[in-house]
Amino acid sequence: MKILAIESSCDETAAALVEDGRIVLRNEVVSQIPIHERYGGVVPEIASRCHIEAIEPLVERALGGETPDAVAVTYAPGLIGALLVGVNYAKSLAYTLNVPLIPVHHLRGHVASNYLTHPDLKPPFTALIASGGHSHIVHVKSYTEYEILGKTRDDAAGEAFDKSARILGLGYPGGPKIQKAAETGNPDAIVFPKVHFKDAPYDFSFSGVKTAVVNYAHTAKQRGEEINAADLAASFTKAVCGVLTEKSVLAAKNTTGKLVLAGGVSANRDLRSYMETACKEEGIELYLPRQDLCGDNAAMIGAQAYFEHLAGHTAGTDLNAYATMAVDQPHW
Ligand code: KG4
Ligand code: ZN
């Protein structure tokens, strides 16, 4: 089954053609980063307008003259105006072609990038989903049944990277810039607070680390000292990636023995290396998504769509977009 998938939840317009949830036939992305960079973050109104401009030629390129067996689209969560562009386009296309319309939860899509990377990977497994808006540890019981084991109580991991990069004047998006700056820094230069919750071992909190970066930068400024951005980036990375690793490896150990990484932050070089070391020590099977499928893309949406379709999850032309939606309880 060939599925045309559309993704427009944030600052990337994407379309892909994916076969049977595992094979990427074509994967097209237009990034808006150069546009939003000027503002230091995503401007929702501009994002929606850019999606409208980009979507038509992108879908045509992804189709390459073929007719899909179904049309899939990210319908939640994300920027509402941005999501609506993809949802409305997908609805009209599915209606015109008279093929099923498959709504896909964005975070489930991120997890599915691993089905494209590892052809033999099958649920059940435990997954860390770390993106710009979410940080979850989930038990993926089947392709379409999720249980949330833990989540952030404040900022998402990616958000902490983005905000800290802004404080350090490194620009947007923060993750890759912090990673670059951290290369020459000392990860033990600054010790950041680690938050643990007694009753919720898999919950995260990243606002404390972010505040620590702010305070560190302010103090240095008041003293007239130069901020050592490399040391700060390296120490910040160690704190955030250390806690992501500890908690998700513990969750995998106590549940399935298999750990899957997903979301934009899973591109982080240090996170991947911490995970590799910890999983080897604990005897956990680790699955990392291909670098080019870590960020937002439509291939991952097409992969998850195949399994949603097998489970009978299709929608009609009354499909709506939702800014927020729990990953374990999707509805349409
Ligand atoms: O999954 P994603 O592309 O979009 C959302 O669904 O949010 O994630 C974007 C987030 C941003 O916060 C970005 O700074 C972060 O992923 N990110 C990284 C890296 N690349 C992207 N964070 C740390 N290290 C990276 N190399
Ligand atoms: Zn994403």
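Residues numbered from 1 in each chain as written. Chains lettered and ligands numbered in written order. Predicted model: local features only at pLDDT ≥ 70, side-chain atom pairs only at ≥ 80, totals over all residues. Heavy atoms only, no water.

Contact pair helix 8 (residues 229-254) / helix 9 (residues 269-282): the axes reach a minimum separation of 9 Å and the direction vectors enclose 35 degrees. The handedness of the crossing between helix 8 and helix 9 is right-handed. Seen from helix 8, the contacting residues are Thr237, Lys238, Cys241, Gly242, Leu244, Thr245, Ser248, Val249 and Lys253; seen from helix 9, they are Asp270, Leu271, Tyr274, Met275, Ala278, Cys279 and Glu282. (Axes fitted to C-alpha atoms, helices over the stretch in contact; angles between N-to-C directions. Helix = DSSP H or I, 4+ residues; strand = E, 2+ residues; numbered from the N terminus. Left-handed = near helix turned anticlockwise from the far one by under 90°. Contact = heavy atoms within 4.5 Å.)

Time to look at the sheet that holds strand 6 (residues 125-130). If you walk across this open sheet you meet the five strands as 8-7-6-9-10, and the pairing is mixed. Two strands bound the open sheet, and with one partner strand each, they are strand 8 (145-151) and strand 10 (285-287). Geometrically, the sheet is characterised by an average inter-axis angle of 25 degrees between neighbouring strands, direction not taken into account. Summarising the sheet, strand 9 (residues 258-262) and strand 10 pair through three bridges and their orientation is parallel. Looking at strand 10, one finds that Val260 is bridged to Tyr287. (Pairing = 2+ DSSP bridges.)

What follows concerns the sheet that holds strand 4 (residues 70-76). Ordered by their spatial adjacency, five strands build an open sheet running 3-2-1-4-5, and the pairing between neighbours is mixed. Whereas interior strands pair on both sides, the edge strands pair on one side only; in this sheet they are strand 3 (23-31) and strand 5 (101-105). On average, adjacent strands in this sheet sit at an angle of 20 degrees to one another, irrespective of strand direction. Across four bridges, the pairing between strand 1 (residues 2-7) and strand 4 is parallel.

Let's shift gears to the nonpolar core. Core analysis: the largest hydrophobic core is formed by 40 residues, its most contacted members being Leu128, Phe192, Phe206, Phe236, Val240, Leu244 and Leu259. Listing elements by their share of this core, those giving two or more residues are strand 6, helix 5 (157-167), helix 6 (174-182), helix 7 (207-222), helix 8, strand 9 and helix 9. The leading source of residues in this core is helix 8, at 12 residues. If we skip the residues at most four places from it in the chain, Leu244 touches Leu128, Ala157, Phe204, Phe206, Val265, Leu271 and Met275. Leu107, Tyr115, Ala298 and Met300 belong to the second-largest nonpolar core, a separate cluster that totals 35 residues. (Core = buried A, V, L, I, M, F, W, Y, C linked by side-chain atoms within 4.5 Å. Buried < 20%, exposed > 50% of the residue type's maximum accessible area, 1.4 Å probe, protein only.)

Another point: the packing of aromatic side chains. In total, this model carries nine aromatic pairs according to the counting rule given. Ring plane angle 90 degrees and centroid distance 5.0 Å describe the contact between Phe161 and Phe236, whose orientation is recorded as edge-to-face. Of this pair, Phe161 sits in helix 5 while Phe236 sits in helix 8, placing them 75 residues apart in sequence. For the pair Phe161 and Phe236, a shared accessibility class is recorded, and that class is buried. Connected via pairs of aromatic rings, a cluster forms that spans Tyr115, Phe125, Tyr143, Tyr306 and Phe307. Here Arg153 stacks its cationic end above the ring of Phe197, 3.9 Å away from the centre of that ring. (Phe/Tyr/Trp six-rings, centres within 6.5 Å; stacked < 30°, edge-to-face > 60°. Lys NZ or Arg CZ within 6 Å of the ring centre and 35° of its normal.)

Considered domain by domain, the chain is made up of domain 1 (2-111 + 294-310) and domain 2 (123-291). Look at where the C-alpha atoms of domain 1 and domain 2 centre, and you get two points 26 Å apart. Summed over both sides, the interface between domain 1 and domain 2 buries roughly 1,600 Å², with carbon and sulfur atoms accounting for 64% of that surface. Linking Lys177 and Glu37 is a salt bridge whose minimum nitrogen-to-oxygen distance equals 3.7 Å. At the boundary of domain 1 with domain 2, the tally comes to eight residue pairs in polar contact (both at pLDDT 80 or more). (Domains from an automatic or database assignment. Buried area = accessible area lost by both parts, 1.4 Å probe. Salt bridge = Lys/Arg side-chain N within 4 Å of Asp/Glu carboxyl O. Polar contact = N/O pair within 3.5 Å; in protein donor to acceptor, adjacent residues only side chain to side chain.)

Here we come to helix 3 (residues 80-97). In a regular helix each residue adds 1.5 Å, so 18 residues correspond to 26 Å; helix 3 covers 26 Å between its end C-alpha atoms and thus fits that length. Residues Ala82, Leu83, Val85, Gly86, Val87, Tyr89, Ala90, Lys91, Leu93 and Ala94 constitute the buried set of helix 3. Those residues of helix 3 that are buried lie in contact with strand 1, helix 2 (44-63), strand 4 and strand 5. Note on helix 3: the residue one or two positions beyond its end, Asn98, has a positive phi of about 60 degrees. (Expected span 1.5 Å × (residues − 1).)

With that settled, consider the pairing of strand 2 (residues 12-19). Of all eight residues that make up strand 2, seven are buried, and the element is covered over most of its length. Two elements, strand 1 and strand 2, share six bridges in a ladder whose sense is antiparallel. When the bridges of strand 2 are listed, Ala5 appears paired with Ala16. Connecting the antiparallel pair strand 1 and strand 2 is a turn made up of four residues.

The zinc ion (ligand 2) binds to the protein through His106 (NE2), His110 (NE2) and Asp296 (OD); the donor distances cover 2.0 Å. Spacing between the donor residues of the zinc ion (ligand 2) along the chain follows H-x3-H-x185-D. Residue His106 and its partner His110 are both found in helix 4 (residues 106-117); the two are separated by four residues, about one turn of the helix. (Donors = N, O, S within 2.8 Å, 3.2 Å for Na, K, Ca; no water.)

Not every one of the 19 residues close to ligand 1 is listed here, only the nearest: His110, Gly132, Asp162, Gln179 and Asn268. With respect to ligand 1, the backbone of Gly175 contributes an N or O atom lying 2.9 Å from an oxygen atom. Notes on ligand 1: free accessible area 550 Å², of which the protein chains cover 85%. Listed by contribution, the elements that provide at least two residues to the shell around ligand 1 are helix 4, helix 5 and helix 6. If one sorts the elements of the shell around ligand 1 by residue count, helix 6 sits on top with four residues. Looking at side-chain class alone, the shell around ligand 1 contains four nonpolar, 13 polar and two charged residues. A domain-level breakdown of the shell around ligand 1 finds at least three residues from each of domain 1 (2-111 + 294-310) and domain 2 (123-291). (Near = heavy atom within 4 Å. Areas by Shrake-Rupley, 256 points an atom, 1.4 Å probe, with all protein chains shown as cover. Nonpolar A, V, L, I, M, F, W, Y, C, P; charged D, E, K, R; others polar.)

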